[in-house]
Amino acid sequence: MTTTEHSGSGDVSRSLELLWGLGDRPSRGPKPGLTLDRIVTTAVAVADADGLGALSMRRVATDLGVGTMSLYRYVPGKAELLDLMLDKVAEFDADAHPDPAAGWRPAMEALAHASRRQYHRHPWLLQVDQARPLLGPNALDSLEYSVRALAGTGLTDREKIHVLVSFGGFLAGISRTELNSTLAEKRTGISDADFWQSQEPVLSKAMLSGRYPALAALDENTFAGDDSPVFELGLSALLDGFAALIAARTARTDAP
């Protein structure tokens, strides 16, 4: 799954105005009921159904039953629309997460599972380079919760952000691996089982050659099963690493 779009690539000032409701809004739309939120919601539905490559102002207008030019009264173009879409799908429900004051680890675990569900619900997110994200209200709600969860850990403010960046990188990476596997089967019509079965004759000879003793000694079921254990193991190991860092910082703070 390759990156095809970039956040913040349009008129940044205009995107921020729209995200925060600071700009002028049309006094009336060209069609009753047409609103910025309807446009963004429809755009997300297009990307969810047919991928980011299918997203265009014309396609969104067609799905809304309006002329393409009518959309430009609400949003300057596709780049700004994408910024709005990213914040739209980042809607954060604090009530669905543990109280961050109850401990950083339960909060981070809840965030991880919510993020994984979000990537599976909106796989096009993995095609967007968000190295320069525009922070709208929904994105900041999530970030606020994350920072609150790390309060009292002994980490410096900079370390808290570094932890969150590392955390986000793991979640995006593991989700990309899972989704690419699914997309490969859809793209080729060949299941994972059949794909690996086709390599078995060659790989069996390679294992018998003596060149790869560590691989040859692996249990035959090593690569069987779904990806859930990979996600859980990786998440647990990552959080254990954070816990060790936090313990070190706490010990440093408590030292006489």
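Owing to the predicted nature of the structure, the values given are computational and were not obtained by experimental measurement.

1. Description of the packing of helix 2 (residues 36–50) against helix 3 (residues 57–64)
Closest axis-to-axis distance for the helix 2/helix 3 pair is 9 Å, and the angle between their directions is 110°. By the angle class used here, helix 2 and helix 3 are roughly perpendicular. Every residue of helix 3 that contacts helix 2 at R38, I39, T42, A43, V46 and D50 is listed here: R59, V60, D63 and L64. For the contact of helix 2 with helix 3, the per-class residue count stands at five nonpolar, one polar and four charged.

2. Topic: the UniProt feature "domain: HTH tetR-type" (unreviewed entry) in the chain
Look at the UniProt record and you will see "domain: HTH tetR-type" (unreviewed entry) annotated at residues 33–93. Spanning residues 33–93, this segment combines 62% helix with 0% strand, and its end C-alpha atoms are found 26 Å apart.

3. Remarks on the pattern of salt bridges
In this structure the tally under the stated criterion is 11 salt bridges. Across the salt bridge formed by E109 and R105, the nearest N and O atoms sit 3.6 Å from each other. Note that E109 and R105 are positioned in helix 6 (residues 104–121) at a spacing of four residues, about one turn of the helix. Overall, the relative accessible area of 32% leaves E109 in the partly exposed class. In this structure, the salt-bridge partner of K160 is D157, at a minimum N-O distance of 3.6 Å. Taken together, the positions of K160 and D157, both in helix 8 (residues 157–188) and three residues apart, correspond to about one turn of that helix.

4. Looking at the UniProt feature "DNA-binding region" (unreviewed entry) in the chain
As annotated by UniProt and renumbered to match this structure, "DNA-binding region" (unreviewed entry) occupies residues 56–75. For residues 56–75, the end-to-end C-alpha separation is 12 Å, with 60% helix and 0% strand making up the annotated structure.

5. With respect to the packing of aromatic side chains
Aromatic ring pairs are described here by two measures, namely the spacing of the ring centres and the angle between the planes. If you walk through the whole model with that rule in mind, you get three aromatic pairs. Ring geometry for F92 against Y145: centres 5.1 Å apart, planes inclined by 50°, an arrangement best described as tilted. Highlighted residues: F92 in the loop between helix 5 (78–88) and helix 6 and Y145 in helix 7 (residues 137–149), separated in sequence by 53 residues. An angle of 80° between the planes, with centres 5.2 Å apart, marks the rings of F195 and W196 as edge-to-face. It is R116 that lies over the ring of F231; its NZ or CZ is 4.4 Å from the centre.

6. A short note on the domain arrangement of the chain
Size of an interface, as often reported, equals the accessible area lost when the parts are brought together. Partitioning the chain into domains gives domain 1 (5–89) and domain 2 (92–254). The centre of domain 1, based on its C-alpha atoms, is set 30 Å off from the matching centre of domain 2. On the domain 2 side, the residues contacting the 20 residues of domain 1 number 18 residues. When the two sides are added together, the surface that domain 1 and domain 2 hide from each other amounts to roughly 1600 Å², 61% of it contributed by carbon and sulfur. It is W20, D87 and V89 that lose the most area in domain 1 upon contact with domain 2, and together they represent 33% of the buried surface on that side. The tally of links from domain 1 across to domain 2 stands at zero salt bridges. On the surface where domain 1 and domain 2 come into contact, there are 11 residue pairs in polar contact (both at pLDDT 80 or more).

How each quantity is defined
Residues numbered from 1 in each chain as written. Predicted model: local features only at pLDDT ≥ 70, side-chain atom pairs only at ≥ 80, totals over all residues. Heavy atoms only, no water. Axes fitted to C-alpha atoms, helices over the stretch in contact; angles between N-to-C directions. Helix = DSSP H or I, 4+ residues; strand = E, 2+ residues; numbered from the N terminus. Parallel < 35°, antiparallel > 145°, perpendicular 65-115°, else oblique. Contact = heavy atoms within 4.5 Å. Nonpolar A, V, L, I, M, F, W, Y, C, P; charged D, E, K, R; others polar. UniProt positions renumbered as here; feature names shortened; annotations may be inferred. Salt bridge = Lys/Arg side-chain N within 4 Å of Asp/Glu carboxyl O. Buried < 20%, exposed > 50% of the residue type's maximum accessible area, 1.4 Å probe, protein only. Phe/Tyr/Trp six-rings, centres within 6.5 Å; stacked < 30°, edge-to-face > 60°. Lys NZ or Arg CZ within 6 Å of the ring centre and 35° of its normal. Domains from an automatic or database assignment. Buried area = accessible area lost by both parts, 1.4 Å probe. Polar contact = N/O pair within 3.5 Å; in protein donor to acceptor, adjacent residues only side chain to side chain.

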